[in-house]
Amino acid sequence: QVQLVESGGGLVQAGGSLRLSCAASERTSSSYVISWFRQAPGKEREFVAGINQSGSRVYYADSVKGRFTISRDNAKNTVNLQMNSLKPEDTAIYYCALNRGAVRIPTLTSTYDSWGQGTQVTVSS
């Protein structure tokens, strides 16, 4: 089973930026859709952004559109999430997840097969 490891979280002031990375344990991860989700305290895990196998198609939640950018480097088995203009409401644990069979980019957590352990992002006001 492919293992995913997130990194890059931290504490930042509102308006600042962070770059999250998701490293996959296998080269075959380039065959899968990979997405970022987040979960704030007391809330359900929600879709943030996803990218298809080749990197030619991306999809964002409305709440992050125009501020976050997802990209992937299949040669390095990594998917990155550049987060700009951060807001306190972006505070959450961020997870990357992998879907083996998707053609499009799914947004439901139940459709993803592997998850990382998460990285904390805290945005202060």
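Note: the structure precedes this text.
Residues numbered from 1 in each chain as written. Predicted model: local features only at pLDDT ≥ 70, side-chain atom pairs only at ≥ 80, totals over all residues. Heavy atoms only, no water.

### What about the side chain of threonine 119?
The topology assignment puts threonine 119 in strand E11 (residues 119-124). At 3.2 Å, the side chain of threonine 119 and the backbone nitrogen of glycine 9 are in polar contact. Other than its neighbours up to four places away in sequence, threonine 119 contacts Glu6, Ser7, Gly8, Gly9, Leu20, Ala92, Ile93 and Tyr94. (Helix = DSSP H or I, 4+ residues; strand = E, 2+ residues; numbered from the N terminus. Polar contact = N/O pair within 3.5 Å; in protein donor to acceptor, adjacent residues only side chain to side chain. Contact = heavy atoms within 4.5 Å.)

### Some details on the sheet that holds strand E8 (residues 78-83)
Spatially, the four strands line up as an open sheet ordered E1-E3-E8-E7, and their pairing is antiparallel. The open sheet is flanked by strand E1 (4-7) and strand E7 (68-73), the only strands paired with a single partner. Neighbour-to-neighbour, the strand axes of the sheet open up by a mean angle of 15 degrees, direction not taken into account. Two strands pair when backbone bridges link them, and strand E3 (residues 18-24) and E8 are joined in this way by six bridges, in the antiparallel orientation. The partner of arginine 19 across the bridge, within E8, is glutamine 82. (Pairing = 2+ DSSP bridges. Axes fitted to C-alpha atoms, helices over the stretch in contact; angles between N-to-C directions.)

### Some points on unusual backbone geometry
Even without being glycine, asparagine 77 reaches a positive phi, approximately 55 degrees. Counting through the fold element by element, asparagine 77 comes out in the loop between E7 and E8. Taking the relative accessible area as the measure of exposure, asparagine 77 reaches 17% and is therefore buried. Unlike most non-glycine residues, serine 85 shows phi in positive territory, near 50 degrees. Locating serine 85 in the fold gives a position in the loop between E8 and strand E9 (92-99). (Buried < 20%, exposed > 50% of the residue type's maximum accessible area, 1.4 Å probe, protein only.)

### Focus: the packing of aromatic side chains
Per the counting criterion, the structure on display carries six aromatic pairs. Ring centres of phenylalanine 37 and tryptophan 115 lie 5.0 Å apart, and the angle between their planes is 55 degrees; on these two criteria the pair is classed as tilted. With phenylalanine 37 in strand E4 (residues 33-39) and tryptophan 115 in strand E10 (residues 114-115), the pair connects residues that are 78 residues apart, well separated along the chain. Of the residues examined, phenylalanine 37 reaches a relative accessible area of 0% and is grouped as buried. Note on tryptophan 115: relative accessible area 27%, which makes it partly exposed. Clustering of aromatic rings is evident, with ring pairs tying together Phe37, Phe47, Tyr59, Tyr95, Tyr112 and Trp115. The cationic tip of arginine 45 hangs over the ring face of tyrosine 95; the distance from NZ or CZ to the ring centre is 3.7 Å. (Phe/Tyr/Trp six-rings, centres within 6.5 Å; stacked < 30°, edge-to-face > 60°. Lys NZ or Arg CZ within 6 Å of the ring centre and 35° of its normal.)

### Some thoughts on the state of the cysteines
The final tally for this structure, using the stated rule, is one disulfide. Paired through a disulfide, cysteine 22 and cysteine 96 show a sulfur-sulfur distance of 2.1 Å. Given an S-S torsion of about 70 degrees, the disulfide between cysteine 22 and cysteine 96 has right-handed geometry. Of this pair, cysteine 22 sits in strand E3 while cysteine 96 sits in strand E9, placing them 74 residues apart in sequence. (Disulfide = S-S within 2.5 Å.)

### A few points about the pairing of E3
Across the two faces of E3 the burial differs, with Leu18, Leu20, Cys22 and Ala24 buried and Arg19, Ser21 and Ala23 not buried at all. Direction of pairing for E1 relative to E3: antiparallel, over a ladder of four bridges. Across the sheet, valine 5 pairs through a bridge with alanine 23, a residue of E3.

Remember that the coordinates give geometry; whether it matters functionally is a separate question.
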